[in-house]
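# Observations on the model geometry
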Amino acid sequence: MKKSFLILVTAIMFVLAGCGSKPTLSEWVNGKDIAEVESTANATYASANITVDISADGEDILVYTMVYDKDAYATLGDMEQDAIDEYFNSQIETLKGGMLPMFDACKQELDIELKAVRVEYVWDGKVLWSYDITK
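First things first, this report covers the structure right here in the doc. (Residues numbered from 1 in each chain as written. Predicted model: local features only at pLDDT ≥ 70, side-chain atom pairs only at ≥ 80, totals over all residues. Heavy atoms only, no water.)

### Topic: the sheet that holds strand E2 (residues 61-68)
The condition that has to hold: Any two strands are treated as partners once DSSP identifies two or more bridges connecting them. Working definition: helices are DSSP H or I runs of at least four residues, strands are E runs of at least two. Numbering for both runs from the N terminus. Whenever a helix is involved, its axis is fitted only over the stretch in contact; in every case the axis is a line through C-alpha atoms, and angles between N-to-C directions fall within 0 to 180 degrees. Here, residues are in contact when the closest pair of their heavy atoms is within 4.5 Å.
Overall, mixed pairing links the 4 strands, which are arranged E1-E2-E3-E4 in an open sheet. Of all strands in the sheet, those with a lone pairing partner are strand E1 (50-57) and strand E4 (126-133), marking the two edges. The mean inter-strand angle of the sheet, taken between neighbouring strand axes irrespective of direction, is 20°. Note that E1 and E2 share 8 bridges and pair antiparallel. Residue Asp57 lies in a different strand from E2, and its bridge partner there is Ile61. Helix-sheet contacts for helix H4 (residues 81-89) involve E2, strand E3 (116-123) and E4, and the interaxial angle to E4 is about 35°. Here helix H5 (residues 92-110) sits on the sheet in contact with E2, E3 and E4, set at roughly 60° to E4.

### Structural notes on the pairing of E3
Our working rule: Note on exposure labels: buried denotes an accessible area under 20% of the residue type's maximum, exposed denotes more than 50%, and partly exposed covers the range between, all computed with a 1.4 Å probe on protein chains only.
Along E3, 8 of the 8 residues are buried, which leaves the element largely enclosed by surrounding structure. Every second residue of E3 is oriented toward a common face, with Ala116, Arg118, Glu120 and Val122 on one face and Val117, Val119, Tyr121 and Trp123 on the other, all of them buried. When E2 meets E3, the two strands line up parallel, connected through 8 bridges. Bridge pairing in E3 places Tyr68 opposite Trp123.

### A look at the pairing of E2
Extensive coverage of E2 is indicated by the burial of 7 of its 8 residues. The turn linking E1 back onto E2 is made up of 3 residues, and Gly58 within it adopts a positive phi angle of 75°.

### Examining the packing of aromatic side chains
Note the threshold: Working definition: a ring pair exists when centres of Phe, Tyr or Trp rings (six-membered ring for Trp) sit within 6.5 Å. Plane angles under 30 degrees give stacked, over 60 give edge-to-face, the rest tilted.
What the rule picks out here adds up to 7 aromatic pairs. Judged by centre distance (4.7 Å) and plane angle (80°), the ring pair of Tyr68 and Tyr73 falls under edge-to-face. We classify Tyr68 as buried; its relative accessible area is 7%. The class of Tyr73 is partly exposed, set by a relative accessible area of 21%. Between Tyr121 and Trp129, the ring centres sit 6.0 Å apart and the planes meet at 45°, which makes this aromatic pair tilted. Accessibility assignment for this pair places Tyr121 and Trp129 in one class, buried.

### Side note on the environment of Leu110
Within the secondary structure, Leu110 sits in helix H5. Measuring from C-alpha to C-alpha, the distance between Leu110 and Lys22 comes to 4.8 Å, with 88 residues separating the pair along the chain.

Rendered as structure tokens:
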């Protein structure tokens, strides 16, 4: 899963590098290039029953949402929050390592100063875990 997530980040970096205009963050995440990245990511994660949504929270927080299929991950509904936190907290350093280049890339390519890159995991409409990566 970690490797696939880093592939998603790399795809976003390539989109940033090819962006000729200077859209706002919300314009950029709702554009054609990000739709293509999401489509590719969703094809990659289909066998794991996870979908990806890339969005903006305001104009300074980039949000990666990983949505777990309710039926495929039914056991998540029975897990205690402490166990969920422990699992995802163990991935923070990997997530940071993959996401920190996004701050410079957004600044250089889009002239957008990100406050945070939020990674959130959702199951059955509920955010199981969320973390704001800051520079």
